[in-house]
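If you want the building blocks of each chain, they are given just below.
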Amino acid sequence: MFPLSEKSSDDELSKEDKDFIHRLAKKVHDSGFVTPTIFFLEMVRPLSSLGGHMMVFMGPIINGFIQTDGYYRAADLLGKKETLSILLDEIELLEMLDSKDGKKEYI
């Protein structure tokens, strides 16, 4: 499920957190916005802790309009640079496996 080159900080994540990251990566992969997502996550990686705090701050407002399961879990996980690396690795792994299966044709 996760690439072989996992970091030791990954050991601190629970199985539920790993499953959450995998589901998030799968949603990104299925949406077709892999490249923009990777660029965006790489761009905001230095500000990840600030982004996590901003998600917590905006949580009551966002949850007031839409039902967001796992919103605060995402805020906690995505506020860590190590977790962003794991998410990026998982997205890239899914993309690589998809291209090896021949499901995508590049022009």
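Presented here is an overview of the structure given in this document. Given the structure is predicted, the values throughout are model-derived calculations rather than measurements. (Residues numbered from 1 in each chain as written. Predicted model: local features only at pLDDT ≥ 70, side-chain atom pairs only at ≥ 80, totals over all residues. Heavy atoms only, no water.)

### Thoughts on a nonpolar patch on the surface
Judged by side-chain polarity, I61, F65 and I66 come together as a nonpolar surface patch covering roughly 360 Å² of accessible area. Tracing the sequence through the fold places I61 in helix α3 (residues 48-65). (Patch = residues over 30% accessible without salt bridge, like charges linked within 9 Å, V, L, I, M, F, W, Y side chains within 5 Å. Areas by Shrake-Rupley, 256 points an atom, 1.4 Å probe, with all protein chains shown as cover. Salt bridge = Lys/Arg side-chain N within 4 Å of Asp/Glu carboxyl O. Helix = DSSP H or I, 4+ residues; strand = E, 2+ residues; numbered from the N terminus.)

### A look at the nonpolar core
If you look at the biggest cluster of nonpolar residues, it comprises 16 residues, and the most contacted ones within it are I21, L41, L87 and I91. Going through the elements one at a time, α1 (15-31), α2 (34-44), α4 (71-78) and α5 (81-100) are the ones with two or more residues in this core. (Core = buried A, V, L, I, M, F, W, Y, C linked by side-chain atoms within 4.5 Å. Buried < 20%, exposed > 50% of the residue type's maximum accessible area, 1.4 Å probe, protein only.)

### Regarding the packing of α2 against α5
Axis angle and axis distance: for two packed helices, these are the angle between their axes and the distance between the axes, and together they describe the pair. Taken N-terminus to C-terminus, the directions of α2 and α5 make an angle of 160°; their axes are 11 Å apart at the nearest point. In this view, α2 runs roughly antiparallel relative to α5, as classed from their interaxial angle. Handedness of the α2/α5 crossing: left-handed. Mapping the contact onto sequence places V34, T37, I38, L41 and E42 in α2 and L84, L87, L88, I91, E92 and E95 in α5. Among the residues forming the contact of α2 with α5, the class breakdown is 7 nonpolar, 1 polar and 3 charged. (Axes fitted to C-alpha atoms, helices over the stretch in contact; angles between N-to-C directions. Parallel < 35°, antiparallel > 145°, perpendicular 65-115°, else oblique. Left-handed = near helix turned anticlockwise from the far one by under 90°. Contact = heavy atoms within 4.5 Å. Nonpolar A, V, L, I, M, F, W, Y, C, P; charged D, E, K, R; others polar.)

Functional significance is not addressed by these values, which are geometric in nature.
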